[in-house]
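Next come the chains, spelled out residue by residue.
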Amino acid sequence: MALDRAYIFAAFAWLVAASVFGTYIGIIGLTVQSNAHAHAGLLGFVISALFGLFHHNWPKMGKSRLAVAQFVTYQVGAILLVVGKYQVDATGDSAIVAPGSVIVIVGTLLMALIFARHSAE
Ligand code: HEM
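Heads up: these notes are all about the structure in this document. Note that the structure is a prediction, hence the values are computed from the model and not measured.

### Quick look at the overall build of the protein
In terms of helices and strands, the protein carries four helices and zero strands. When its helices and strands are written in sequence order, the protein yields α-α-α-α. Projected onto the principal axes, the alpha-carbon positions of the protein cover approximately 50 × 25 × 20 Å. Looking at the protein as a whole, 33% of its 121 residues qualify as buried. Considering only residue pairs separated by 6 or more positions, the protein has 70% of its internal contacts joining residues 24 or more positions apart.

Dropping the structure here:
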């Protein structure tokens, strides 16, 4: 599957998950977890949708040897970051959020590199 569509499908999955999670924390009053919910919506849905639109607008980016690795890195990092934020706000333990944050940064830097190398072709 082309990476623009893969990213947009991932964005929809994040939107559904973030919305279900937001509804859940709203109903049971678990607003201590609103930070994890917000990151699912913003890092998950919004950034995935933007990365998909970048790929669509600059199709040569998808030809990069790093493109699939960047997609996997970013998505795994975002999942770990959101799960880790839940954990840190539930227990104070930052064992998952710390690596998740670093992986998200690596995925973001890879996207910037792919854009820099291939958007002008
Ligand atoms: C059906 C969809 C959604 C529901 C039911 C929902 C529900 C909620 C609830 C209950 C809160 C906590 C409010 C409080 O602390 O009193 C919240 C906060 C928040 N939500 Fe959502 N939400 C939804 C979708 C989204 C989406 C798609 C995004 C982002 C793209 C988003 C971003 C945020 C942000 C930034 C906050 C504030 C977080 C904070 O103050 O720490 N929400 N939402």
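### Here's the deal with helix 4 (residues 97-118)
Over its 22 residues, helix 4 extends 31 Å from the first C-alpha to the last, a length consistent with the 32 Å expected when each residue adds 1.5 Å. Where helix 4 is buried, its residues touch helix 2 (34-57) and helix 3 (67-91).

### Here we look at the nonpolar core
Core analysis: the largest hydrophobic core is formed by 26 residues, its most contacted members being Tyr7, Trp14, Ala40, Ala78, Leu81 and Val82. Elements that contribute at least two residues to this core include exactly helix 1 (3-28), helix 2, helix 3 and helix 4. Of all the elements, helix 3 adds the most residues to this core, at eight residues. Those residues in contact with Trp14 that sit more than four places away from it in its chain are Ala40, Gly44, Phe45 and Ser48.

### Focus: the site of the ligand
The immediate surroundings of the ligand are formed by 16 residues, with Ser19, Gly22, Gly26, Ala38 and Gly41 found nearest. Contributing elements (two or more residues each) for the shell around the ligand: helix 1 and helix 2. No other element matches helix 2, which puts eight residues into the shell around the ligand. Taken together, the residues of the shell around the ligand sort by class into seven nonpolar, nine polar and no charged.

### Quick look at the packing of helix 2 against helix 3
The relative placement of two packed helices is expressed as an angle between their axes plus a distance between the axes. Here helix 2 crosses helix 3 at 170 degrees, and the two axes come no closer than 8 Å. Considered as vectors, helix 2 and helix 3 are oriented roughly antiparallel to each other. Across the interface between the two elements, Asn35, Ala36, His39, Ala40, Leu43 and Gly44 from helix 2 touch Ala78, Leu81, Val82, Lys85, Tyr86 and Asp89 from helix 3. Tallied by class, residues from the contact of helix 2 with helix 3 come to seven nonpolar, three polar and two charged.

Definitions and limits used
Residues numbered from 1 in each chain as written. Predicted model: local features only at pLDDT ≥ 70, side-chain atom pairs only at ≥ 80, totals over all residues. Helix = DSSP H or I, 4+ residues; strand = E, 2+ residues; numbered from the N terminus. Buried ≥ 20, exposed ≤ 12 C-beta atoms within 10 Å, placed from the backbone. Contact = placed C-beta atoms within 7 Å. Expected span 1.5 Å × (residues − 1). Core = buried A, V, L, I, M, F, W, Y, C linked by C-beta atoms within 7 Å. Near = placed C-beta within 6 Å. Nonpolar A, V, L, I, M, F, W, Y, C, P; charged D, E, K, R; others polar. Axes fitted to C-alpha atoms, helices over the stretch in contact; angles between N-to-C directions. Parallel < 35°, antiparallel > 145°, perpendicular 65-115°, else oblique.

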